[in-house]
Amino acid sequence: MVTSATSLGRSGLHDWIIQRVTAVVLAAYVIYLTGFLFSADAIEYNVWRSLFGQVWFKIFSLLAIASICFHAWIGMWIVSTDYIKPTGLRMVFQVFVILFCLACLIWGAQILWSV
Amino acid sequence: MNLLKIRNHHFLFHNREDIDIVNKNRPVNLNLATIKFPVTSISSILHRITGVLLFLSIPLCLWALQLSLTPAGFAEVKSVMSGGIVKFISWAILSMLAYHIIAGLRHLMMDAGIGETLEGGRFGAYSVIVLGVVSAALLGVWIW
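These remarks concern the structure in this document.

**Concerning the overall build of chain A**
Here comes step 1: What chain A contains, in helices and strands, is four helices and zero strands.
Here comes step 2: In chain A, the order of α-helices and β-strands from amino to carboxyl end is α-α-α-α.
Here comes step 3: On C-alpha atoms alone, chain A measures out to a radius of gyration of 17 Å, which is more than a quarter above the 13 Å that the 2.2 N^0.38 rule sets for 115 residues.
Here comes step 4: Projected onto its principal axes, the C-alpha coordinates of chain A cover approximately 55 × 25 × 20 Å.
Here comes step 5: Burial analysis of chain A (115 residues in total) assigns 43% to the buried set.
Here comes step 6: For chain A, contacts bridging at least 24 residues in sequence account for 72% of all contacts bridging at least 6.
Here comes step 7: Summed over its atoms, the accessible surface of chain A is roughly 6200 Å², and 76% of this surface lies on carbon and sulfur atoms.

**Description of the overall build of chain B**
Here comes step 1: Looking only at helices and strands, one finds six helices and zero strands in chain B.
Here comes step 2: Each helix and strand of chain B, ordered N terminal to C terminal, gives the series α-α-α-α-α-α.
Here comes step 3: Counting all 144 residues of chain B, 29% fall into the buried class.
Here comes step 4: Partitioning the intrachain contacts of chain B with sequence separation of at least 6 by distance along the chain shows that 75% fall at a separation of at least 24.
Here comes step 5: As displayed, chain B offers around 9200 Å² of accessible surface, 73% of which is attributable to carbon and sulfur atoms.

**Quick word on the environment of B:F74**
Here comes step 1: In this structure, B:F74 sits in helix α4 (residues 71–81).
Here comes step 2: A relative accessible area of 9% places B:F74 in the buried class.
Here comes step 3: Between the C-alpha atom of B:F74 and that of B:A64, which follows or precedes it by 10 residues, the distance is 8.8 Å.
Here comes step 4: Look past the residues within four positions of B:F74 in its chain and what remains in contact with it is A:I43, A:E44, A:Y45, A:W48, B:L67 and B:S68.

**Remarks on the packing of aromatic side chains**
Here comes step 1: If you walk through the whole model with that rule in mind, you get 17 aromatic pairs over all chains.
Here comes step 2: Seen in terms of ring centroids, B:F88 and B:W91 are 5.6 Å apart; in terms of plane orientation they differ by 40°. Their pairing is tilted. Here B:F88 and its partner B:W91 are both found in helix α5 (residues 84–111), three residues apart, which amounts to about one turn of the helix.
Here comes step 3: When its relative accessible area of 46% is taken as the criterion, B:F88 is described as partly exposed.
Here comes step 4: Residue classification places B:W91 among the partly exposed residues on the basis of a relative accessible area of 24%.
Here comes step 5: A network of ring pairs unites the aromatic residues A:Y29, A:Y32, A:W48, A:F52, A:W56, A:F57 and A:F60 as a single cluster.
Here comes step 6: The aromatic ring of A:W113 is capped on one face by A:K58, whose charged end is 5.9 Å from the ring centroid.

About the thresholds
- Residues numbered from 1 in each chain as written.
- Chains lettered and ligands numbered in written order.
- Predicted model: local features only at pLDDT ≥ 70, side-chain atom pairs only at ≥ 80, totals over all residues.
- Heavy atoms only, no water.
- Helix = DSSP H or I, 4+ residues; strand = E, 2+ residues; numbered from the N terminus.
- Rg over C-alpha atoms; globule rule 2.2 N^0.38 Å.
- Buried < 20%, exposed > 50% of the residue type's maximum accessible area, 1.4 Å probe, protein only.
- Contact = heavy atoms within 4.5 Å.
- Areas by Shrake-Rupley, 256 points an atom, 1.4 Å probe, with all protein chains shown as cover.
- Phe/Tyr/Trp six-rings, centres within 6.5 Å; stacked < 30°, edge-to-face > 60°.
- Lys NZ or Arg CZ within 6 Å of the ring centre and 35° of its normal.

What follows is the structure, given as structure tokens:
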């Protein structure tokens with residue numbers, strides 16, 4: 001269908017399941033980070049830097065950033081299909097959102113692997 | 001089921017021509033003072049609004065993360081974070097994130113069949129808003 005050409009999963013069910021899987025990844029990441037912040041005596045540079053120095057946390061962080069991108073892609077797609085009626089304008093908006101999400105993903109990877 | 005719900009209950013924003021096809025002579029109430037969103041709509045539209053604003057805050061968060069991973073940048077982020085406006089922005093982002101997560105957990109519960117009745121839906125929506133306000137208050141205490 002033409003109407004779903006800019007959606008991530010190109011089907012409602014596919015988007016639905018991606019939205020939930022990414023949500024669970026993000027909730028786990030936020031819960032872990034909250035636990036880390038409250039269990040540390042003080043968040044100083046060395047503590048913060050060593051957290052992001054571990055490979056498993058880089059991977060977890062990149063998974064979280066990727067989840068944000070896909071979650072936002074789907075969420076913004078749904079919202080824009082509801083409120084932006086002119087097709088051309090909606091397409092431009094959705095393409096902008098997709099490029100924005102992918103740019104954030106690339107930037108996030110660069111940040112994480114420069115540590 | 002959730003998708004259907006999301007799409008239908010914001011019908012007030014739709015072009016009236018779409019609706020008029022059904023019945024041209026039906027009574028119309030456009031008095032904004034008497035139109036009231038049910039609590040379920042309020043919790044849903046807040047989920048959307050916080051989602052869009054969180055989306056817009058991604059570059060800000062990535063920028064802060066990038067800066068915080070160098071010794072000088074970490075000190076800079078810390079000093080910037082002590083400013084009143086930046087504290088407010090951080091509080092707003094974290095509060096919206098907390099609300100968005102709580103409302104999302106409710107979605108997952110409803111996917112599992114919990115709270116799908118009309119009464120359950122109202123209770124869930126009300127609980128999400130109350131928990132959102134409580135977490136915003138706690139985050140405020142933590143930040144200030």
